[in-house]
Each structure stands twice: as C-alpha cells, then as structure tokens.
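Geometric and topological summary
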Amino acid sequence: MFDVAIVGLGCAGYTAAIYSARYKLDTLIVGETEGGMGITAAEVGNWPGEIDIKGPDLMEKFKAHAVSFDNVTPKVSRIDKIEKNREGFKLTYQNGESDEAKTVIFATGSDKRHLGIPGEDEFSGKGVTYCATCDAFFYKGKDVAVLGGGDSAVEGAAIAAQVANKVYLIHRRSEFRAEPFWVDKVNEKDNIEFVLDTNVTEVIGDQVVIGVKLDKEFNGSDEIAVDGVFIEIGSIPSTQLAEKLGCEVDEQKHLKVGADMATSVKGVFAAGDVSNGSNYFAQFATAAGEGAVAGNGVFNYLQEEGK
Ligand code: NAP
C-alpha cells in the first residue's frame, strides 16, 4: 500500500512526487507517456532558472529529480480503472496488475482538441497532426497550415517556419491570444502568412493531405494547397479516471480543486492542466506549483487522518 499514487508523468506529477518523497511518503508515480505534454514544447523560455531549454530536456530533468528518491516508484503503464476500497484506492492496469494507495493525485494533463471537420479523421496521421512542434520536422521544404491562435499554434507556426517552405497560420479571429513573445516571432518570419478571421471547413486530400478548404476566400480562392495541417486549437482535460471515481468537474470540464488541490472526493487531489486551479493558466510554472501544493495537501491529509 503506497501512501500516494500520482497519476501522470508530466510536470505536475513529477513535482508532486518530489514533494511527497521529501515528506517521506511512499510514492507511486505512474502514467503512459513520460514527460507528458511538456515534451512537446520546442523552446521553453519561461521556466525560472533556465533562459532557454527544450521541453524534452526539461522533462528529463524533472524525471531524474523525481526518481532520485528511494521512496519513489516510477511505473509506465496504462491505468484501466481506479476504485475506492476500504483502505484507500486500487489502481488496475491494462495488463491486469494492480497497486493500492491511501491517496491519489491526478496529474493527468489534457488531450488535444479536435476540430470535427470533414477530412480531419480520414487524414489523421496522413498530413493531419495535433502537435506542430513535434511534427514540423517531417515537413522540411513543404507548405503547411497551422490552425489556432493560442500559444500552441503561434509557437508551432514559428517552429514550423524554421523548416517548412511556407506556413499559413489560420485563425478564426483577427487577434492572437498567444504570448506577445511568440507573436513577435511569427511576425519576424517572412515565410509565415496570416489567414485571419477565417475558419477551416474541410481537410482535403488524396491518400494524403493536399490542402484545406476555408469559409471565405483568401488570395482569390477558398482553398489553400498544403502538405500538412497542424491543428492546435487547445486541449480537453483528461478527467475520465477521476470522473469515474466521482470527482466533480466545472463547466469547462476541469477537476474542481480547493486551495490544497483536494478534489470533491476525500483523499483525491489534482494538479496541473487537469485541474481548475491557477486561473486555467496552463504553464510549466503553474503545473509545478500545483504539484507542490498537492504533495503538501496529501501530507497534511494523511497526518490529519492518522494514516
Ligand atoms: P488555447 O490557449 O486554448 O488556444 C486555443 C486557440 O484555438 C484559440 O486561439 C482559439 O480561438 C482557437 N480555437 C479553439 N477552438 C476552435 C475551433 N473550434 N475552431 C477554430 N479555432 C479554435 O490553447 P493552446 O494554444 O493549446 O494553449 C493551451 C494552454 O497551454 C495555454 O494555457 C497556453 O498558455 C499553454 N501553452 C503555453 C506554451 C508556452 O508557454 N510556450 C506553449 C503552448 C501552450 P480564440 O482565440 O478565438 O478563442
């Protein structure tokens, strides 16, 4: 029986593990993807203490720190279900094995939002992808479209422009919500063209992607020929396991947490992009902060409960 099972191998999860380890809690940290969403960040310029570091390198440091403690057990495994039992919680893995823990911290992050337009599913993996910074490298010398106007899309367009011949940044409004830092970067690139106040209505292809259809004309046509379409229109919190346990979500489908990151279910905490903490500001710094608070929350809870 672990003191705490941390679900999620990203920034929030690793930080929670560092804190719970230093509170001398017997800690399990388990998830499917080591590094979580953090590994998709091409350049991280806002992690204090690192002026510029690649997401995968930063997450490798987080992991090395978390697993450096004897009382942290890391596991890469898909969890099928988490159930409440008499002592705490039982985690059952896809391979049928299981673990038990007195408390759980959900640091499950989020999944990329899909657009739901014709051609999107059909050409997924055949030119349509959901991570510009991860996949841009495969489009060297080609023309690509990046959809969205947040940090992911604007950073993605800037990174894609380093290798692609031409990048169309297609956004439904005329203003970007991305950090001005990234907006300046895309403005500096002469191979990025903005297609603003425009929605993509279809991905067109023939075996693979050949273009996108727009809801209004751009340069005299309602189609743009591209080889790749990077859909970067935000994410949906990964709450399935937590919701099955009875954790409440808010109207935006984030897990509701209190100041100590406790969810509505006793003994269950949440941290990072999956929670409704930090004013929904999904950053390395906020995820790490929430992970630290969740580790502390679990420690206080176990003491109060005499566990
Ligand atoms: P986001 O901030 O939610 O932005 C999503 C973008 O997609 C918005 O511009 C939105 O348009 C657009 N969009 C949403 N639904 C759409 C639809 N159905 N059709 C067309 N456009 C649609 O998502 P994100 O950029 O993935 O960022 C998520 C979080 O991660 C944010 O907190 C962000 O700060 C963080 N992040 C940070 C970094 C960094 O610090 N370097 C990098 C990546 C992500 P509207 O603007 O009109 O709403």
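Since the structure is predicted, the reported quantities are computational estimates derived from the model, not experimental observations. Here the residue numbers are simple positions, counted from 1 along each chain's written sequence. Note on the predicted model: pLDDT of at least 70 is required for a residue's local features to be given, and 80 or more for side-chain atom pairs to be given and counted; whole-chain, interface and lining totals, by contrast, use all residues. Only hydrogens and water are set aside; all other atoms, that is, all heavy atoms of the structure, feed into the side-chain values.

**Re the overall build of the protein chain**
Note the following rule: The way it works is that DSSP assigns letters per residue, a run of H or I at least four long becomes a helix, a run of E at least two long becomes a strand, and they are numbered from the N terminus. As defined in this context, the radius of gyration uses C-alpha atoms, and a globule is described by 2.2 Å times the residue total to the power 0.38. Three labels apply to residues, based on accessible area from a 1.4 Å probe with only protein chains included: buried if under 20% of the type maximum, exposed if over 50%, partly exposed otherwise in between. Residue contacts follow a heavy-atom distance rule, with two residues in contact if any of their heavy atoms lie within 4.5 Å. Calculation of accessible area relied on Shrake-Rupley with a 1.4 Å probe; when residues are assessed, cover is drawn exclusively from the protein chains displayed. Residues scored as charged are limited to Lys and Arg (positive) and Asp and Glu (negative), so that His and the chain ends carry no count. One atom stands in for each charge, and that atom is NZ of Lys, CZ of Arg, CG of Asp or CD of Glu.
Check the secondary structure of the protein chain and you find seven helices and 17 strands. Against the globule reference of 19 Å for 307 residues, the protein chain gives a C-alpha radius of gyration of 21 Å, in line with a compact fold. In the protein chain, which comprises 307 residues, the proportion classed as buried is 50%. A sequence separation of at least 24 residues applies to 59% of the contacts in the protein chain between residues at least 6 apart. When the accessible area of the protein chain is evaluated, it comes to approximately 14600 Å², of which 46% is carbon and sulfur surface. For the protein chain, the separation between the mean place of its 30 positive charges and that of its 48 negative charges on side chains is 5 Å.

**Overview of unusual backbone geometry**
Even without glycine at this site, Lys 24 takes up a positive phi of about 65 degrees. Accessibility expressed as a relative area gives 71% for Lys 24, which makes it exposed. For Asn 219, which is not a glycine, the phi torsion comes out positive at approximately 50 degrees. Position of Asn 219 among the secondary structure elements: in the loop between strand E13 (208-218) and strand E14 (221-225).

**Considering the domain arrangement of the protein chain**
Let me state the cut-off plainly: Domain borders in the structure are assigned automatically or taken from a domain database. Throughout, the accessible surface (probe 1.4 Å) given up by two parts as they are put together, summed over both, is called the buried area.
Assigned domains of the protein chain: these are domain 1 (2-111 + 235-305) and domain 2 (128-231). Its C-alpha centre places domain 1 at a distance of 32 Å from the equivalent point of domain 2. Between domain 1 and domain 2, the contact holds six residues from the first and nine residues from the second. Roughly 480 Å² of surface becomes buried between domain 1 and domain 2 when both sides are summed, with 45% attributable to carbon and sulfur atoms.

**Looking at the site of the ligand**
Stated formally: Think of it this way: one heavy atom of a residue within 4 Å of a molecule or strand is enough to make that residue near it. N or O atoms within 3.5 Å of each other form a polar contact, as long as, within protein, one can give a hydrogen and the other can take it, and as long as residues adjacent in sequence are counted only when both atoms are side-chain atoms. Lys, Arg, Asp and Glu make up the charged group, whereas Ala, Val, Leu, Ile, Met, Phe, Trp, Tyr, Cys and Pro make up the nonpolar group; the residues left over, Gly among them, are polar.
Every one of the 19 residues lining the ligand counts as a neighbour, but Asp 151, Ser 152, Arg 173, Arg 177 and Gln 283 are closest to it. Between Gly 149 and the ligand, the recorded distance is 3.0 Å, taken from a backbone N or O atom to an oxygen atom. Against a free-state accessible area of 910 Å², the protein chains account for coverage of 77% of the ligand. Ranked by residue count, the leading element in the shell around the ligand is helix H4 (residues 151-160), at three residues. In terms of residue class, the shell around the ligand is built from four nonpolar, eight polar and seven charged. When residues of the shell around the ligand are assigned to domains, at least three fall in each of domain 1 (2-111 + 235-305) and domain 2 (128-231).

**Observations regarding helix H5 (residues 180-188)**
Formally: The arc refers to the directions leading from the helix axis to the C-beta atoms.
All buried positions along H5 are accounted for by Trp 182, Val 183 and Val 186. Taken around the axis of H5, the buried residues stretch over an arc of 105 degrees, which confines them to a single face. Exposed residues on H5 whose side chains face more than 90 degrees from its buried face are Pro 180 and Glu 188. The inward-facing, buried residues of H5 abut H4 and strand E11 (192-195).

**Focus: the packing of aromatic side chains**
Just so we agree on the cut-off: The pairing test for Phe, Tyr and Trp rings, Trp by its six-membered ring, is centres within 6.5 Å, and the orientation test on the planes gives stacked under 30 degrees, edge-to-face over 60, and tilted for anything in between. Distance and angle both matter: a charge sits over a ring if NZ of Lys or CZ of Arg is within 6 Å of the ring centre and within 35 degrees of the ring normal.
Applying the stated criterion across every chain yields a total of eight aromatic pairs. Where Phe 137 meets Phe 138, the ring centres are 5.8 Å apart and the plane angle is 70 degrees; that geometry is what we call edge-to-face. Taking relative accessible area as the criterion, Phe 138 reaches 58% and is therefore assigned exposed. On the basis of an interplanar angle of 90 degrees and a centroid distance of 5.2 Å, the ring pair of Phe 181 and Trp 182 is categorised as edge-to-face. Residue Phe 181 is classed as partly exposed on the basis of its relative accessible area of 44%. Directly above the aromatic system of Phe 89 lies the positively charged group of Lys 84, at a separation of 4.5 Å from the ring centroid.

**Observations concerning the packing of helix H1 (residues 11-22) against helix H2 (residues 55-66)**
Packed helices, taken two at a time, are described by their axes: the angle between them and the distance between them. To keep things clear, this is the line we draw: Angular values range over 0 to 180 degrees, each being the angle between N-to-C directions of two axes fitted as lines to C-alpha atoms, with helices fitted over their stretch in contact. Angles are sorted into four bins: roughly parallel if under 35 degrees, roughly antiparallel if over 145, roughly perpendicular if 65 to 115, and oblique for all others. Each helix crossing is assigned a hand: it is left-handed if the near helix lies turned anticlockwise from the far helix by less than a right angle, otherwise right-handed if that turn is clockwise.
It is the contact of H1 with H2, at a shortest axis distance of 9 Å, that shows an interaxial angle of 25 degrees. Taken as axis vectors, H1 and H2 run roughly parallel relative to one another. Classified by chirality, the crossing of H2 by H1 is left-handed. Residues Cys 11, Tyr 14, Thr 15, Ala 17 and Ile 18 of H1 form the contact with H2, whose participating residues are Met 59, Phe 62, Lys 63, His 65 and Ala 66. Taken together, the residues of the contact of H1 with H2 break down into seven nonpolar, two polar and one charged.

**So, the sheet that holds E11**
What links the strands of a sheet is backbone hydrogen bonding, and the strands pair in either a parallel or an antiparallel sense. Our working definition: Here, a strand pair is defined by DSSP locating no fewer than two bridges between the strands.
Ordered by their spatial adjacency, five strands build an open sheet running E8-E15-E9-E10-E11, and the pairing between neighbours is parallel. Looking along the sheet, the strands with just one partner apiece sit at the ends: strand E8 (128-129) and E11. The strands touched by H4 are strand E9 (143-147), strand E10 (166-170), E11 and strand E15 (228-231); relative to E10, the strand with the most contacts, the crossing angle is about 170 degrees.

**Some details on the pattern of salt bridges**
Pairing of side chains with opposite charge becomes possible as their charged atoms draw close. Defined as follows: Criterion for a salt bridge: a side-chain nitrogen of Lys or Arg within 4 Å of a carboxyl oxygen of Asp or Glu.
Enumeration according to the criterion identifies 12 salt bridges in this entry. Of the charged contacts in the structure, one is a salt bridge between Glu 223 and Lys 213, with a shortest N-O distance of 3.7 Å. You can see Glu 223 sitting in strand E14 and its partner Lys 213 sitting in strand E13, a full 10 residues away along the chain.

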